[in-house]
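Read off the chains here:
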Amino acid sequence: MQKILDEIAANALKATDLGKVADYIPELAKVDPKQFAISIATADGGLFSAGDCDTPFSIQSISKVFVLALALGKVGDALWKRVGREPSGLSFDSVLLLERENGVPRNPFINAGALVTTDTFLNCSTPREALGALLRFVRAASDRDDIHIDESVAHSELDTAHRNFALAHYLASHRNLTNTPEHVLGTYCHQCAIEMTTVQLALAGRILLDAEGLPSLLSHQRKRRINALMMTCGHYDGSGDFAFEVGLPGKSGVGGGILVIAPGRASIAVWSPGLNAYGNSKRGTEAMAELARKTGWSVFG
Ligand code: DON
């Protein structure tokens, strides 16, 4: 496994096209695009890494996986009355379908759907309490205490979150928010600004693996369903391409991270800040395709 990761990291460093770092959140535009890291936490307790695996990065939309798990923990299947389970075929921040589909977002990973899961998780608590509970959950999942929120990234996003505010107000106009748009957006931008290394993220992802001796924070059925949503919706309008090239459930973030699950085998975190046209990590996706080829871990064989 270590040899495979070393080869993948060496190939990533050879790439001439690094993709484009997200710049609509000014703080993320400052990140050095040359960085690359990959970590694998295997079901039998192994941990392997290559590259900048001790450098924390902004997990951004990968946080939507953890918040979905917590929202389902709060309300169970009642969540599916407020958010769908279908791919949108549109970019992560699209407003298009929300009007046509009466304020019910297509899935929990596009921004509109994630605002609903954040609202559900917030419930009647304050943003500070909810974020504290989220950090405790992620720290317990990874068994690492040194996971924090980068306040400068959170505020940088909040200052420029015009589209997300539009989505939140649109949801509110359809009575699909119970908290104020300000509280939901404040919580959402902070959850996205959680910083993790690939080691921490790969360890945290083990909650989505079914294997003995791993942290069992979620039921078997919940893991199976979250994995299904990651496979079909985790890369937005690039989800089909990711399934085609990699064949594993994954969730991307505009910080350049991807959390990928090889069911029953391993949790994998890859990070490279430059993004492809879909807004997903370019070299991260290429590295995952190489890993799937070399390990034969695609769920399609
Ligand atoms: O809502 C946003 O714009 C960001 N905080 C998160 C977007 C994101 O990570 C999309 N994923 N590739």
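Whatever comes next refers back to the structure up there.
Small disclaimer: the values here were computed from a predicted structure and weren't measured. Every chain's residues receive numbers from 1 upward, in the order its sequence appears when written. With the structure being a predicted model, the display of local features is reserved for residues of pLDDT at least 70 and the display and counting of side-chain atom pairs for 80 or more, all residues being used for whole-chain, interface and lining totals. To get the side-chain values, all heavy atoms of the structure are used, and hydrogens and water are removed first.

Student: Kindly report on the packing of aromatic side chains, identifying the contributing residues and their values.
Tutor: Pairs were defined over the aromatic rings of Phe, Tyr and Trp, the Trp ring being its six-membered one, requiring ring centres within 6.5 Å. Orientation was assigned from the angle between planes: stacked under 30 degrees, edge-to-face over 60, tilted for the rest. By the definition in use, this model includes three aromatic pairs. Seen from their ring centres, Tyr24 and Phe92 are 6.2 Å apart, and the 40° between their planes marks the pair as tilted. Residue Tyr24 is found in the loop between strand 1 (20–21) and strand 2 (37–42), and its partner Phe92 is found in the loop between helix 2 (63–75) and helix 3 (96–100); the two are separated by 68 residues along the sequence. Three or more aromatic residues link up through ring pairs in this structure, and these residues are Tyr24, Phe92 and Tyr236. For a Lys NZ or an Arg CZ to count as sitting over a ring, it must be within 6 Å of the ring centre and within 35 degrees of the ring normal. Across from the ring centre of Phe109, 5.7 Å away, lies the NZ or CZ of Lys251, which sits over that ring. Per the convention used, a helix needs a DSSP run of H or I reaching at least four residues, while a strand needs a run of E reaching at least two, with both numbered from the N terminus.

Student: Tell me what's going on with the sheet that holds strand 7 (residues 250–252), and back it up with residues and numbers.
Tutor: Here we have five strands laid out as an open sheet, ordered 3-2-9-8-7, and antiparallel in their pairing. Either end of the sheet is taken by a strand with one partner, and the two such strands are strand 3 (47–51) and strand 7. Each strand of the sheet is rotated relative to its neighbour by a mean of 10°, with strand direction disregarded. We call two strands paired when DSSP finds no fewer than two bridges between them. Alignment of strand 7 against strand 8 (residues 257–262), held across three bridges, turns out to be antiparallel. Bridging across to strand 8, Ser252 finds its partner in Ile258. Lying on the sheet, helix 12 (residues 282–295) is in contact with strand 2, strand 8 and strand 9 (266–271); it crosses strand 9 at an angle near 145°. Axis lines are fitted through C-alpha atoms, for helices just across the contact stretch, and the angle between N-to-C directions can take any value from 0 to 180 degrees. When checking whether two residues touch, look at their non-hydrogen atoms; a contact exists if any pair is within 4.5 Å.

Student: Residue-level account of the sheet that holds strand 6 (residues 194–196), with values.
Tutor: Ordered by their spatial adjacency, three strands build an open sheet running 4-6-5, and the pairing between neighbours is antiparallel. In this open sheet, the two strands that pair with only one neighbour each are strand 4 (57–58) and strand 5 (148–149). Relative to strand 6, strand 5 runs antiparallel, the two being bridged by two bridges. By the bridge assignment for strand 6, Ile149 is matched with Ile194.

Student: Requested: an account of the site of the ligand, with residues and values cited.
Tutor: Around the ligand, 15 residues are found, and the nearest of them are Tyr24, Gln60, Ser61, Glu157 and Tyr188. As used in this structure description, the phrase polar contact means that two N or O atoms lie within 3.5 Å; if the pair is within protein, one of them must be able to donate a hydrogen and the other to accept it, and residues adjacent in sequence are counted only when both atoms belong to side chains. Take Tyr24: an N or O atom from its side chain is 2.5 Å from an oxygen atom of the ligand. At a separation of 2.6 Å, an oxygen atom of the ligand approaches a polar side-chain atom of Ser61. A total of 340 Å² of accessible area belongs to the ligand in isolation, and the protein chains cover 99% of it. Gly counts as polar in this scheme, as do all residues outside two lists: the nonpolar Ala, Val, Leu, Ile, Met, Phe, Trp, Tyr, Cys and Pro, and the charged Asp, Glu, Lys and Arg. Class assignment for the residues of the shell around the ligand results in six nonpolar, eight polar and one charged. Taken together, domain 1 (2–58 + 196–295) and domain 2 (61–194) each give at least three residues to the shell around the ligand, which thus spans both. Here a residue is near a molecule or strand as soon as one of its heavy atoms is found within 4 Å of it. Each accessible area value is a Shrake-Rupley result obtained with a 1.4 Å probe; residue values ignore everything except the protein chains displayed when judging cover. Reported domain spans reflect what an automatic or database domain assignment gives.

Student: I'd like a description of the pairing of strand 3, backed by residues and values.
Tutor: Relative to strand 3, strand 2 is paired through five bridges, and the arrangement is antiparallel. Looking at the pairing, Ile38 lines up with Ala50 of strand 3. Linking two consecutive strands that pair antiparallel, namely strand 2 and strand 3, is a turn of four residues; a positive phi of about 95° is found at Gly45 within it.

What is shown is where atoms sit, not what they do.
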